[in-house]
Amino acid sequence: MVGATSPMAVLVGGVVNTYAATGVLGTPLAFLIVGGALGLLMIGYLAMTNREGNAAPAYAFLALGLGPSWGIAGGALMFAATNAIQISLYGLIGATTADLTGVGHWTVWAVAAWVVVAVFGVANFSLGKVVIAVVGVAELLMIGAVILAAFTHPHGGRVSTAPLAVGALWDQRGQVGLVFALTVAAFVGAESGASFAEEGKTDRTVVRATVAALVVLPVVYCAMAWALPVWTGPEQIVAESQGASRTGFPFTIVAAGYGGGMVVVARALMLCSFLISALSFHQTIGRYVHAIARERVIPVWLADVGRLGGRMAGATAPASLLQSGIALVVIGVCTLLRVDPIGGMFIWLSSAAAVGVLVMLIGVSIATVFYFRKGGGGRHDPVTVRTAGPVLGAIAGSGLLAVIVSNQSAVLGATSAGLQAVIPLLVVAVVLAGFGYAWRVRRRWPDRYAEVGRGRPDEVTVPDLQVGFRV
């Protein structure tokens, strides 16, 4: 899925670190629960995508359903959340590469990845759909190989079903918030396909691709999270995950099942998928900024396409440079403060992104109901799309959000009330800042305010010719 966190990143950065940080054996079950909740949450989001495709979907959908101020606030939140998940990958890439090579500080590798993403962001280079598809299929095949090796060679000769028991998840309630936060982070990006709706043959193409991802990914993630304790034994999974940087777990499964040569392939594929995932998120952010800027809600020069000339012609360069600048500052600050690239940068930022995306999806579910009540959509839309689905999605999402927020101490590894409130307060601050800016737009440019979310594509409607990194 374009813009989604890659399965390899979920396996190495998400599943392993969830076991290591929480010790919760029921992590596989969490993927199914979160996948089901997100499926409900996406009903309204996909209904809006099918009718009001926009490169900045949260911004447009909230504006059309609840009003322009909500759209601007939602756009600000999604800009922050998508930046957070993309920047978190630099910590993962840096730490993983430094561990694998034994060369250099994690920051060196993080900056190297940042350079690649920054260059692709401002230059009219093209990876194309074929490369994305090939890497995606290769990832799934490698994940399948890991799952097959684990289940055909289970610890003790028996496949344990303990990780799928409700008690394995709920008995450690003090850590379940972190489990859900990291699990939601694994799905962040599944919603970003809507940012490319303007460039698809039809909005239905994006909707079908997103539905397919929402059906397949929870099952795949659950299976690979289950495979790890099947291989190590339920009693050893936490210790094995905590020592992953030293032992190379979960690639030890690949080595035992297929030999050392396959490990080299798996690691190369992992790093490649990390980088492509970061590039995809970068493109999503660029489209958000471009779509909002073309409505003149933010400086219009951020919507410029192809102004730099030469090989950079056709790139959404200003939006790309803005995102790259933010990412470099965060990497620099984390380095200066000696923040751990995994336990700090990756987990904190991905958890913040998870909370931000959940809040946005809940908002869009509510906005969908108002959109249809105001006469949006067609006359024959089923009640499951107009009301029941979005309402159930908002309820499921709110429950998930409550569990995550109420367990922030586990997410941040903190005991003080101040630190526990950091992520929720940051989300609230971003939303309030968005409302504050919306008030300014309404007073200074009432004509622009009235048209928030209604802008239609111009330059980016021919991506193969005009947008840098083709997707």
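Rules and cut-offs
- Residues numbered from 1 in each chain as written.
- Predicted model: local features only at pLDDT ≥ 70, side-chain atom pairs only at ≥ 80, totals over all residues.
- Heavy atoms only, no water.
- UniProt positions renumbered as here; feature names shortened; annotations may be inferred.
- Patch = residues over 30% accessible without salt bridge, like charges linked within 9 Å, V, L, I, M, F, W, Y side chains within 5 Å.
- Areas by Shrake-Rupley, 256 points an atom, 1.4 Å probe, with all protein chains shown as cover.
- Salt bridge = Lys/Arg side-chain N within 4 Å of Asp/Glu carboxyl O.
- Helix = DSSP H or I, 4+ residues; strand = E, 2+ residues; numbered from the N terminus.
- Contact = heavy atoms within 4.5 Å.
- Core = buried A, V, L, I, M, F, W, Y, C linked by side-chain atoms within 4.5 Å.
- Buried < 20%, exposed > 50% of the residue type's maximum accessible area, 1.4 Å probe, protein only.
- Arc of directions from axis to C-beta.
- Phe/Tyr/Trp six-rings, centres within 6.5 Å; stacked < 30°, edge-to-face > 60°.
- Axes fitted to C-alpha atoms, helices over the stretch in contact; angles between N-to-C directions.
- Parallel < 35°, antiparallel > 145°, perpendicular 65-115°, else oblique.
- Left-handed = near helix turned anticlockwise from the far one by under 90°.

The name given to the protein in an unreviewed UniProt entry is APC family permease, with Dactylosporangium salmoneum as the source organism. For the record of the protein, the UniProt heading Subcellular location (unreviewed entry) holds the text "Membrane".

Participant: Looking at this model, I keep getting lost on a nonpolar patch on the surface. Mind explaining?
Facilitator: Where nonpolar side chains cluster on the molecular surface, the patch consists of Leu40, Val391, Leu392 and Ile395 and spans about 330 Å² of accessible area. Of all the elements, helix H16 (residues 383–406) adds the most residues to the nonpolar patch, at three residues. Secondary-structure assignment places Val391 in helix H16.

Participant: Sorry if this is basic, but what is going on with the environment of Met345 here?
Facilitator: Mapped onto the elements, Met345 comes out in helix H15 (residues 341–373). Linking Met345 and Val330, residues 15 residues apart in sequence, is a C-alpha distance of 9.1 Å. Excluding its chain neighbours within four sequence positions, the residues that come into contact with Met345 are Ile87, Ser88, Tyr90, Gly91, Trp106, Ile331, Cys334, Val339, Asp340 and Ser350.

Participant: Please explain the nonpolar core as it appears in this structure.
Facilitator: In a soluble, globular protein the nonpolar side chains are often hidden away together inside. Residues Phe31, Tyr90, Tyr221, Leu228 and Met360 are the most contacted members of the largest nonpolar core, which totals 135 residues. At 17 residues, H15 tops the list of elements feeding residues into this core. Listed in part, the six residues of the second largest apolar core include Ile285, Ala293, Leu302 and Ala303.

Participant: Would you mind going over helix H12 (residues 251–258) with me for this structure?
Facilitator: Residues three or four positions apart in an α-helix share a direction because the helix packs 3.6 residues into each turn. Among all positions of H12, only Phe251, Ile253 and Val254 are buried. Down the axis, H12 shows its buried residues gathered within 145° of arc, on one side only. Of the residues one or two after H12, Gly259 is the one with positive phi, at around 100°.

Participant: Please clarify how the packing of aromatic side chains should be interpreted in this entry.
Facilitator: Note on aromatic pairs: each is described by the distance of the centres and the angle between the planes. By the definition in use, this model includes seven aromatic pairs. Each ring, one from Tyr371 and one from Phe372, has its centre 5.3 Å from the other, and the planes form 80°; the classification is edge-to-face. Neither residue differs from the other here; Tyr371 and Phe372 are each classed as buried. In this structure an aromatic cluster arises from ring pairing among Phe31, Phe187 and Tyr221.

Participant: What's the story with unusual backbone geometry in this structure? I'm lost.
Facilitator: The phi angle of most residues is negative, glycine excepted, and most peptide bonds adopt the trans form. Of note, the amide linkage connecting Phe249 to Pro250 takes the cis form, showing an omega dihedral of 10°. Examined against the element boundaries, Pro250 turns out to sit in the loop between helix H11 (244–247) and H12. Positive phi outside glycine occurs at Arg296, with the angle close to 65°. In the Ramachandran plot, Arg338 falls in the positive-phi region, its phi being about 55° despite a non-glycine side chain.

Participant: How should I be thinking about the packing of helix H4 (residues 68–101) against helix H14 (residues 317–336) in this particular structure?
Facilitator: When two helices pack together, their arrangement is captured by the angle between the axes and the distance separating the axes. Closest axis-to-axis distance for the H4/H14 pair is 10 Å, and the angle between their directions is 55°. Compared by their axis directions, H4 and H14 come out oblique. Considering how the two elements wind past one another, H4 and H14 form a crossing that is right-handed. Facing H4, whose interface residues are Phe79, Asn83, Gln86, Ile87 and Tyr90, H14 presents Leu322, Gln323, Ile326, Ala327, Val330 and Ile331.

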